[in-house]
Every structure is written in structure tokens, then in C-alpha cells.
Amino acid sequence: MHKKLLAALWIFPALCVASAQGAPRIKNIKVAISNPAEHPRKAADIVISIAQIRKVAPDFTPGAMIVLASDASTVEQDASAIETEELPSQVDDLDGDGKADELAFQIDLAPHQTRIVTVSYGNQDRIWRLRGHYQQRTAALFSRKIEGLGWESERVAFRVYFDSRNAIDLYGKRRATLQLGMYASPDYTYHDESPEGRDIYKVGDAIGIGSVAAMVDGKTIKVAEVKERKWRIISSGPVRTIVELQYNGWNAGGKIIDLRSRITQWAEERGFTHTIFANSADDLEFVTGLPAKTGIEPATSQKDSPATWMATWGEQVVAPGATASEAVPGQQLGLGIVTGAPNASFKDDGKNHLVDFKLSDGAQSWYTIAAWDQEGSNRRVVYGNRKDQGQRQSLILPSDAIRSREEFLSAVEEQAERIAHPANIHIVSDAASSEPAPADTLVPHKTKTVEQAIELLRQNIDRTASEWAPVLQATSEPVTSHSGQGFFTEVNNVTGEWQRQNGYYWTGSFWTGELWQLYSATDDEKYRRWAELWGSKLIGQESLQNHDAGFLYYYSSAMGFDLTRDAALRASALRAAERLEQLFNPKTQLIASWSVNGDDTIIDTMMNLQLLWWASEKTGDKRWSETGKKHALRTAAWFVRPDGSVFQSVHYNPGDSRQSFTLRGAGEEAELPLANSVAPGQWVFAHTHQGFAADTTWSRGLGWALYGFSAAYSETGEPLFLATAQQAADYAIKNLPSDAVPWYDFDDQGVHFRNRDSSAAAIIAGGLFRLSLITVDTARAKIYREAGERIVQSLIDRYLTPVGDNDQTPPGVLRHGCGVRPNDAMLIYGQYYLLEDLLWLKQHKRQQNSPSAAKQ
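Residues numbered from 1 in each chain as written. Predicted model: local features only at pLDDT ≥ 70, side-chain atom pairs only at ≥ 80, totals over all residues. Heavy atoms only, no water.

Novice: Mind showing me how you'd approach the overall build of the protein here?
Specialist: When helices and strands are counted, the protein shows 18 helices and 37 strands. Across its three principal directions, the C-alpha atoms of the protein cover 105 × 60 × 50 Å. Long-range contacts, defined as pairs at least 24 residues apart, comprise 70% of the intrachain contacts of the protein with a sequence gap of at least 6. In the structure as shown, the protein presents an accessible area of about 33200 Å², 49% of it carried by carbon and sulfur atoms. (Helix = DSSP H or I, 4+ residues; strand = E, 2+ residues; numbered from the N terminus. Contact = heavy atoms within 4.5 Å. Areas by Shrake-Rupley, 256 points an atom, 1.4 Å probe, with all protein chains shown as cover.)

Novice: Before we go on, may I ask you to explain the environment of Arg 159 in this structure?
Specialist: Along the chain, Arg 159 turns up in strand β10 (residues 156-161). The exposure class of Arg 159 is buried, given its relative accessible area of 1%. C-alpha separation for the pair Arg 159 and Asn 123, spaced 36 residues apart in sequence, amounts to 40 Å. Among residues more than four places away in sequence, those in contact with Arg 159 are Ile 146, Glu 147, Leu 149, Gly 150, Trp 151, Ala 167, Ile 168, Asp 169, Tyr 171, Tyr 190 and Asp 199. At 3.4 Å, the side chain of Arg 159 forms a polar contact with the side chain of Tyr 171. A polar side-chain atom of Arg 159 sits 2.9 Å from a polar atom in the side chain of Tyr 190. (Buried < 20%, exposed > 50% of the residue type's maximum accessible area, 1.4 Å probe, protein only. Polar contact = N/O pair within 3.5 Å; in protein donor to acceptor, adjacent residues only side chain to side chain.)

Novice: Sorry if this is basic, but what is going on with the pairing of strand β23 (residues 345-348) here?
Specialist: Two faces belong to every sheet, and in a regular strand the side chains alternate between them. Pairing geometry for β23 and strand β24 (residues 352-357), over four bridges, is antiparallel. Paired with Phe 346 across the two strands is Val 355, which belongs to β24. Here β23 hands over to β24 after three residues, with Gly 350 in that stretch at a positive phi of 95°. (Pairing = 2+ DSSP bridges.)

Novice: What exactly am I supposed to notice about the sheet that holds β10 here?
Specialist: What holds strands together in a sheet is hydrogen bonding between their backbones, with the strands either parallel or antiparallel. The sheet built from five strands is open, its strands ordered β8-β9-β10-β11-β12 with antiparallel pairing. Both edges of this open sheet fall to β8 (138-143) and β12 (197-199), since each of them pairs with a single strand only. Sheet twist, expressed as the average angle between the axes of neighbouring strands with direction ignored, equals 20°. Relative to β12, strand β11 (residues 168-173) is paired through three bridges, and the arrangement is antiparallel. When the bridges of β12 are listed, Gly 172 appears paired with Arg 198. (Axes fitted to C-alpha atoms, helices over the stretch in contact; angles between N-to-C directions.)

Novice: It is not clear to me how the pattern of salt bridges should be interpreted in this structure. Could you clarify?
Specialist: Where side chains of opposite charge bring their charged atoms close, a pairing between them can arise. Using the criterion set out here, one finds 58 salt bridges in the structure. One salt bridge connects Arg 458 with Glu 455, and the closest N-O pair in it is separated by 2.6 Å. Pair noted here: Arg 458 and Glu 455 are both in helix α7 (residues 450-474), with a separation of three residues, about one helical turn. Residue class for Arg 458 comes out partly exposed when judged on its relative accessible area of 25%. Residues joined by salt bridges that share partners form a network here, namely Arg 137, Glu 154, Arg 155, Glu 268, Arg 270, Glu 375, Arg 379 and Asp 400. (Salt bridge = Lys/Arg side-chain N within 4 Å of Asp/Glu carboxyl O.)

Novice: Explanation requested: the packing of helix α12 (residues 605-619) against helix α14 (residues 699-716) in the structure shown.
Specialist: Geometrically, a packed helix pair is captured by the angle between its two axes and the distance between the axes. At their nearest, the axes of α12 and α14 sit 8 Å apart, and the two run at 25° to each other. The angle between α12 and α14 places the two elements in the roughly parallel class. Pair α12 / α14 crosses with left-handed handedness. Across the interface between the two elements, Met 606, Met 607, Gln 610 and Trp 613 from α12 touch Trp 704, Tyr 707, Gly 708, Phe 709, Ala 711, Ala 712, Glu 715 and Thr 716 from α14. Class assignment of the residues belonging to the contact of α12 with α14 gives a composition of eight nonpolar, three polar and one charged. (Parallel < 35°, antiparallel > 145°, perpendicular 65-115°, else oblique. Left-handed = near helix turned anticlockwise from the far one by under 90°. Nonpolar A, V, L, I, M, F, W, Y, C, P; charged D, E, K, R; others polar.)

Novice: Is there a simple way to explain the confidence of the model for the protein in this structure?
Specialist: Detailed reading of the predicted coordinates is not advisable wherever pLDDT is low. The share of residues in the protein with pLDDT of 70 or more is 94%, and the mean pLDDT across the chain is 93. For residues 1-21, every residue scores under 50 in pLDDT, and the model assigns this stretch 60 contacts once sequence neighbours within four places are set aside. Predicted confidence for residues 846-856 stays below pLDDT 50, and this span has 17 contacts to residues more than four positions away or in other chains. (pLDDT = per-residue confidence, 0-100.)

Novice: I'm lost on the nonpolar core in this one. Help?
Specialist: Note on soluble globular proteins: their nonpolar side chains tend to be buried together. Counting 122 residues, the largest nonpolar core has Trp 534, Leu 611, Tyr 833 and Leu 834 as its most contacted members. Here this core gets 11 residues from one element, more than from any other, and that element is α7. One finds Trp 151, Ile 209, Val 318 and Leu 335 within the second-largest nonpolar core, a separate group that totals 53 residues. (Core = buried A, V, L, I, M, F, W, Y, C linked by side-chain atoms within 4.5 Å.)

Novice: Would you explain the packing of aromatic side chains in this entry?
Specialist: Aromatic ring pairs are defined here through the distance separating the ring centres and the angle between the ring planes. Counted under the stated rule, the structure contains 46 aromatic pairs. Where Phe 286 meets Phe 357, the ring centres are 6.3 Å apart and the plane angle is 15°; that geometry is what we call stacked. A residue pair is termed long-range when its members are at least 10 positions apart, and Phe 286 in strand β19 (residues 286-291) and Phe 357 in strand β24 qualify at 71 residues. Ring plane angle 50° and centroid distance 5.3 Å describe the contact between Phe 510 and Phe 551, whose orientation is recorded as tilted. Of this pair, Phe 510 sits in helix α8 (residues 508-522) while Phe 551 sits in helix α10 (residues 549-564), and the two are 41 residues apart along the sequence. Overall, the relative accessible area of 0% leaves Phe 510 in the buried class. Take Phe 551: its relative accessible area is 0%, and that puts it in the buried class. (Phe/Tyr/Trp six-rings, centres within 6.5 Å; stacked < 30°, edge-to-face > 60°.)

Novice: Which parts of the structure should I look at to understand the side chain of Ser 211?
Specialist: Mapped onto the elements, Ser 211 comes out in the loop between β12 and β13 (213-216). The residues touching Ser 211, leaving out its near neighbours within four places in the chain, are Asn 166, Ala 167, Ile 168, His 274, Val 287, Thr 288, Gly 289 and Trp 366.

Novice: Help me out: how do you make sense of the sheet that holds strand β20 (residues 299-300) in this one?
Specialist: Strand order in this open sheet of eight strands is β15-β16-β17-β18-β25-β22-β21-β20, and the pairing throughout is antiparallel. Of all the strands in the sheet, just β15 (228-236) and β20 have a single pairing partner and so form its edges. Pairing analysis gives seven bridges linking strand β18 (residues 271-278) to strand β25 (residues 363-372), with the strands arranged antiparallel. Bridge pairing in β25 places Phe 277 opposite Ala 363. Packed onto the sheet, helix α6 (residues 405-420) meets β20, β21 (308-314), β22 (333-339) and β25 and runs at close to 160° relative to β21.

Novice: What is the right way to read the environment of Ala 319 from this model?
Specialist: By the element assignment, Ala 319 lies in the loop between β21 and β22. Between the C-alpha atoms of Ala 319 and Thr 475, which are 156 residues apart in sequence, the distance is 76 Å. Look past the residues within four positions of Ala 319 in its chain and what remains in contact with it is Arg 198, Ala 324, Glu 326 and Val 328.

Novice: Looking at this model, I keep getting lost on the environment of Ile 296. Mind explaining?
Specialist: Residue position: Ile 296 is located in the loop between β19 and β20. Accessibility expressed as a relative area gives 7% for Ile 296, which makes it buried. For Ile 296, the contacting residues outside a window of four places in its chain are Thr 312, Trp 313, Gly 314, Glu 315, Gln 316 and His 353.

Novice: Please explain unusual backbone geometry as it appears in this structure.
Specialist: Most peptide bonds take the trans configuration, and most residues that are not glycine carry a negative phi. Look at the link from Thr 801 to Pro 802: it is a cis peptide, with omega at 0°. Topologically, Pro 802 is positioned in the loop between α17 (778-799) and β37 (826-827). Cis geometry marks the peptide bond from Arg 821 to Pro 822; its omega dihedral reads 0°. As for its placement among the helices and strands, Pro 822 is situated in the loop between α17 and β37. If you check the backbone angles, Ala 43 has positive phi at about 50° while not being a glycine. In this structure, Ala 43 sits in strand β2 (residues 41-49).

Structural data, given as C-alpha cells:
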């Protein structure tokens, strides 16, 4: 936008703001989880019924949800958290009707800490792009090889003999792996020593470890005489495993009852919860317990214990071998039972140390724990170079086992506290809702006019130039992309202060672009002097740049030449165009983003084509625009998905059939070995640097595409470019949140990262404005224009300081840009494009039907 088009400045009324057309795809329910104890709780087990969730969210979708947590203790604090922690979760169907009944997850809690958990749910296609892959950490199986039903965590495995013994037995683990499948495999001998684990216990004719029995007339009655036994695996997942045993017609000392045992084991835990259900059996005395071993006496809870417990510790690990019965000298095993059953008491029948209790409302529960001092003795992890990993060479970490009686009794007492005082769970949401915008955008505020917003930006620009010009002038070392002081990219949202950086980075010309824009709009020579001062530091370095030569020299040298006719600026801009041409690879038909013969291009490069269009116009040489057209055609084919969303980066075979690729992101590089047989010039894989994932849509990248393809159509008239720009525009409009300022990623709507990106909003608005002028369909053009106006009005009312009467941040700060998540700051390019948008609106309010406007 040049001087001749911005001569007159005047105020027009505030833009009409309507609600965004796109509906939120993700809704959230807030839950407060609290630790009532004075001790920390690692991996507290949390269960929330789906019915309870649906009381506040009737449309809750258990099959498409994510659980996340912040360290905030209130919903208000949680709204200010920038980043969340995803908690592995699972939903379980307890009754087998195909519908979820419970949501389960684990969370770490400090003493007396409350943490806000967010349950996000909604569109399945979107949720499963965001949801992590959770490692399988519990398992269950039924196998004749192990003589019944087994369940396990990474620490320990159990099995119940599916016959008249009905005893629960134990497998110890030297490695934190899931091992039941190995034990059940043909010809594997699980009694023998193994670097993984083995059967380490001999139940004998006891009732087993935490099994159920009855006590009738002083005699222990096993669940032996049963008319029908059934088993089922309810769930087996990353968080917990649940199995059930059904005993129909159990003769419990002359009383015939139907008994159901439900066993639940959570990830990382050394034990399981055993819950029994029975009808018409509240008067029956039930028992559970531990096998009695010679020389090992049980410890029991005292009256002041929060729950009743019994534990044994000593040499009760059976020697290897299927027929062995002797204990291994020196190896210790702890076994324990913990129950919250009222009036539970201890008994002993010679074969078992017992805890007896009665049912309460037809049910009762207890927790069984087992700790082998050899647990983790082969805690191997894969670490090292590629050869090390491929050959399974790695590290053996120190064992994290419980090693002493004192440690074991402490673990038992901790479990007693967890049972007696479980974590408190409170759904604090009254209804499901989308994640809110930043709190400082939601305060009461006055509507700003476009002219008022321009004035605020001008004040900020004047303040910045006055402060930073002396810094730039005092810099003794040469200023390059990564050295020297005087350029800046990020502003603190609160203080309004620019963060110091080394060099001009890729963003340096947006500042000179702002100065040229104000010079064009005001004829004030100070803006020209400042623009020439900062722009002079870039001149002469054109050949050293990557694809950002387009950004760096279009908004400085090219724009400056158009306003001053300075031949040096023209020459600089043309050298930068030559650099882009050097980066163009005829095999891929793309400008490589980082170096000649590079293996990737990013969507941002569409914006750098502006320099090529300019060069063709100034020189009359069409080779520049032809290069730009080829790049845009390939970008449309490779980067833009059918729904208008975009990839950020595509890697390809540049012609040398390379098998290793450079990944870039957050200022770092990494080499990715990737064997492939892709033909020269063809796509190998997509990648993302700044969005959430390669299959999500980084909002600023979509802005680059929308703006870039709109400009490409204006310059070339290629119908595909118009169609592509419209696809991107339609996607943006459909997916904008209610305040029309996108999240940093259109898919991650405040789920993992709570970053809005005001810079993306400003770029998208600019693309929409340009698209509104080149779209022939007047109704569609109106939609684009109005959507751009909604975005800009939201930016200047809610994000551009001051917002509200009590805002102490200096004027003209466009808050909440996101360069690289989770950074949250004003970004220089966000400020530039907002200024450009506002000046465009002033011009096109006055000259709405000007035929010359289509290329601005």
C-alpha cells in the first residue's frame, strides 16, 4: 500500500462486529481434584462417572475426549495457564452394554494441593488429532497356561486359579514391562529365572494373596464348591485393568449365594483393589488374607490407623522351578491387605493370616499389595546412538524397589490413608464451554475506531523508534541476522517493553515496513529517516539470506524504493529476488526455504513471492513472476488440504535421493534419518515446526497461505490460486473462535496450549480483505470483507492496549501473539499486519469501488 493511496486520513465509524460464524469444535468441563492429606500423592487414582459428567454436559462424548491438568487451584487461575499436562485416560464400560460408564485417570498431587483438570471433548476428527498415544501400562488375559485369569501393571502381575483352589498367586518383575503374554506363550517356563520376571510365590493350600473366602463356624470356606464359574475382562488399558469373576451357586458352608469379584489394578501400582458383591449375604462373615509362612509374623494396624491393614515381610520368595517349595535366602517379599471395612478384625486359621469383615449394602472392598525387593533389578532403558538402540544396548538404572520392612510398612500405611481419605473430586463447571480467551481481553472496554487504533499504534511506533534508534546507532559490531543490537521481535504483554535479541532475525523488515507505511500515510519525514536507518543495516546482505529474503527486502528495500525512488533500495530488492531464484529448485518446482538444494519448504514462503511479483513489475522481466507462479502451483498441490487447511512444511527429494533430512523448529535443528525410495523432485513427508502436529493447522501458516494465494491470483490471474485462497478463507471463517482471534493452531483450541495468536489474526484479516476485492461473487466477497472486519475490530477492542479503563500497559501493544508455543507476547509482524489492515480499511472505505485497489 503506497503513498499515493494513503494521502488522506480521516475517521470513519467503528466497524460492525458480529459473532464469528464458526462454532467451537471442542468443549470443556472443569474438575477440581484435591489431596486431603499432608503427604504428596503420586498418581492418585481418579474415577468420574459418565452420568455425573452428563449432568453438566449432556452431549459429552466419551469416545472423543482428552484429560488435561494445570497446576492452577481455581478455574480463574487455570484460565491464565498457558500450557497444560495431558493425563493418560480411559473410559470403561462396566456392564458390557457398549456404553461408557466411568472415566479413569491418575494425577500427581502435592500435600493439600488442588489441581484443575479439564476434560475436553467434541468433534472426533479433531480430538484424535490432539490426543496422545498412551502406552499400555496394564493388561489382563485368561489362559489355560497360567491356569486362569491374570492381571498386571508394569510392577507386578497376579493370577487367580480358575478352579476349586480359587487362590490368587503372584509373579515378580525384574523389569517394568507387561509380561502375562510371555508367561502364557507356548513352552515358556514362567517358574524359571528370567531377566524379565517369574512366578515367585507358592500359595499351597492357602486361600491365596487377597483372595475371598467365608468364615463359617470358625472354619475357612474357600470359593471351591461352585455351580458355575464365569470370567470376563472389563478393560485393559493405559490407566487400569478391570477383571471380574462370577461364582453362581457358591456353597458357603451351607449357604448358597451368587458372588461376584471385581479386581482393578492401576498403572504403576504394586497392588489391586478387590471388590466383592453378593445378594442376601450381609450376615455372612467374609475373609481375605495372606498365606501363613513359617517364621514370618504379620504386622497389623493400630486403632489410630485410618484403615485396617495387615502385612508380612520376609523370605517368602520361592526358588525357581515348577516343583520348588523352599524360599530363596536373602530375597525379601512384602505382602499386605488394606481395607476400609468397618469393624474388620484379624484371625488366623493356621494356613492363613486373615482379615474378616461383613458386607455393607451387598459389597465390600480391600486392597492387596505386593513388593519384591528384586523388583526393578534389571530396569533397562534404551538410550544412546542409533547403533546402541538397534542392538538393544542401553542403560541399567538403579532398582526402585522397596528394600526394607520399614519401607514396605510405610507403603501399606500410605495406601491405608488413600483408602480412608481419597482424593476429592468436584465438577466445578455448571455447563460445558469452550476455553475462554485471555482474561485481559474480556474486561469491559470501549469500542475503538480504526483511526483511534492507528493513533495508538503510531504512539507505540514513535516510542519504540525513539528508544531503539540510539541502541542501533551505538552498536559497534555489524548487524546481521544473528548478531548486533537494535532489532526486536517480541514485546511483553504487560510492560510493553521489547525483548532484546541478537541480530535482525527473519522479522527485521516488519519494523521498517511499519515506518514506511506511516511515512506513506503521513508524509512525516521522521518515519522516512527511521526507515532508512534500520533498512540500511539490511542492505548488502541479500545473498546471505534464506527464503526470508522475501520478507526482509520486500518490506524494507522494495517498499522504500516505491516511496523514495532510491536506486540503492531498488538494487537491494532485486538482489534479494535473485537470492530467491537461486533457492528455486526446478526438480521440486519450489523455493527451498533454507539453502540451495535444501530438502524442505515452508508455507511462509508464499508470502516471500511478493518480492518476485514486485521484481517483475519493476524490471519487466517475467522470469521472476514465472518462478513465483511455479512455486505457488506446487504449494497449492502439496501444502493445502481439500478442506482448506494447510501443512506448515513439506520435505522432498531435492534430486540427490537423500536419506536424511533436517528438521527445524524453535531455533533448533535435528537430523532425521529416513530411508525412502521417493523419486527426485517428489514429496517425502510433511512436518510442522510451530503448530501442534503435522496433521493439524498452524493458524499463522493458514494466514500465510490465504494472504499469499490472494496476492498470487492478483498478480497472475491463475484460477487455481483464487480457488486455493478461497478454500483457506472458508476454513478460517468456519473455525474462528467467538472473538474471531484464532488459537495458535486451529485444531488445538486451548486444549494443550492456551495461546491465541493475534499475529495470525492480523494476517488472516489482510488476506480476507484482498480476497474480497478479487472474488467475483459479490455475496462471497461480502462475507470475506465482513469476516476481516470482525477480526480487526476484535483485535483493536480486545487485544490492542489500552483495553479497559484500568489497563496500565503502554498504548499500542497488540497482546497475545504466539511465535513458538507457549510464548505469549506482542509480535512485530502482528503489529505490522494490523497497521496494514487498518490503513487498508481507511483506504477502501473511501475508495471501495476503486479498480486500482485490487493489487494493494
